[in-house]
Amino acid sequence: MPPITASFIACIQCGVANDLTSRFCKQCGKPLQNVQCEGCNAEVRPDVKFCGQCGKSRY
């Protein structure tokens with residue numbers, strides 16, 4: 001069987017299917033790709049409220 005590859009990325013906020021190259025959801029505007037923490041520059045998922053490395057709030 002050939003490998004299964006995703007052709008879209010689902011938004012963690014609203015569930016809408018977006019192109020793999022999209023940075024933000026076309027429906028709600030939520031980030032789709034990891035972002036950098038402003039406190040320590042660690043890479044964090046867009047759905048977290050606090051950085052796992054330094055604890056800084058993302059909001």
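Structure's up top.
Residues numbered from 1 in each chain as written. Predicted model: local features only at pLDDT ≥ 70, side-chain atom pairs only at ≥ 80, totals over all residues. Heavy atoms only, no water.

(A) Molecular detail of the overall build of the protein chain. Each helix and strand in the protein chain was counted, giving zero helices and four strands. With 59 residues in all, the protein chain has 22% of them scored as buried. Counting only contacts in the protein chain whose residues sit at least 6 apart along the sequence, the fraction spanning at least 24 positions is 4%. When the accessible area of the protein chain is evaluated, it comes to approximately 4,700 Å², of which 50% is carbon and sulfur surface. (Helix = DSSP H or I, 4+ residues; strand = E, 2+ residues; numbered from the N terminus. Buried < 20%, exposed > 50% of the residue type's maximum accessible area, 1.4 Å probe, protein only. Contact = heavy atoms within 4.5 Å. Areas by Shrake-Rupley, 256 points an atom, 1.4 Å probe, with all protein chains shown as cover.)

(B) Quick look at the nonpolar core. In terms of nonpolar packing, the biggest core is built from five residues, these being Val35, Cys37, Ala42, Val44 and Cys51. Excluding its chain neighbours within four sequence positions, the residues that come into contact with valine 44 are Asn34, Val35, Cys37, Cys51 and Arg58. (Core = buried A, V, L, I, M, F, W, Y, C linked by side-chain atoms within 4.5 Å.)

(C) Focus on unusual backbone geometry. Here the phi dihedral of asparagine 41 falls at roughly 70°; this positive angle occurs in a residue that is not glycine. Considering the arrangement of structural elements, one finds asparagine 41 in the loop between β3 (35-36) and β4 (43-44).

(D) Local environment of the pattern of salt bridges. Enumeration according to the criterion identifies one salt bridge in this entry. The salt bridge partner of arginine 45 is aspartate 47, with a shortest N-O separation of 2.8 Å. For arginine 45, a relative accessible area of 49% translates into the label partly exposed. You can call aspartate 47 partly exposed: its relative accessible area is 34%. (Salt bridge = Lys/Arg side-chain N within 4 Å of Asp/Glu carboxyl O.)

(E) Looking closely at the side chain of serine 22. In this fold, serine 22 is placed in the loop between β2 (17-18) and β3. Once you skip the residues sitting within four places of it in the chain, serine 22 turns out to touch Leu32 and Gln33.

(F) Structural context of the side chain of lysine 30. Here lysine 30 lies in the loop between β2 and β3. For the buried lysine 30, no salt bridge exists, and the shortest N-O distance to an oppositely charged side chain is 7.2 Å, to aspartate 47. (Lys, Arg positive; Asp, Glu negative; His and termini not counted.)

(G) Examining the environment of cysteine 40 more closely. Here cysteine 40 shows up in the loop between β3 and β4. With relative accessibility at 34%, the residue cysteine 40 sits in the partly exposed group. With 14 residues separating them in the primary sequence, cysteine 40 and cysteine 54 have C-alpha atoms 6.5 Å apart. Excluding its chain neighbours within four sequence positions, the residues that come into contact with cysteine 40 are Cys51, Gln53 and Cys54.

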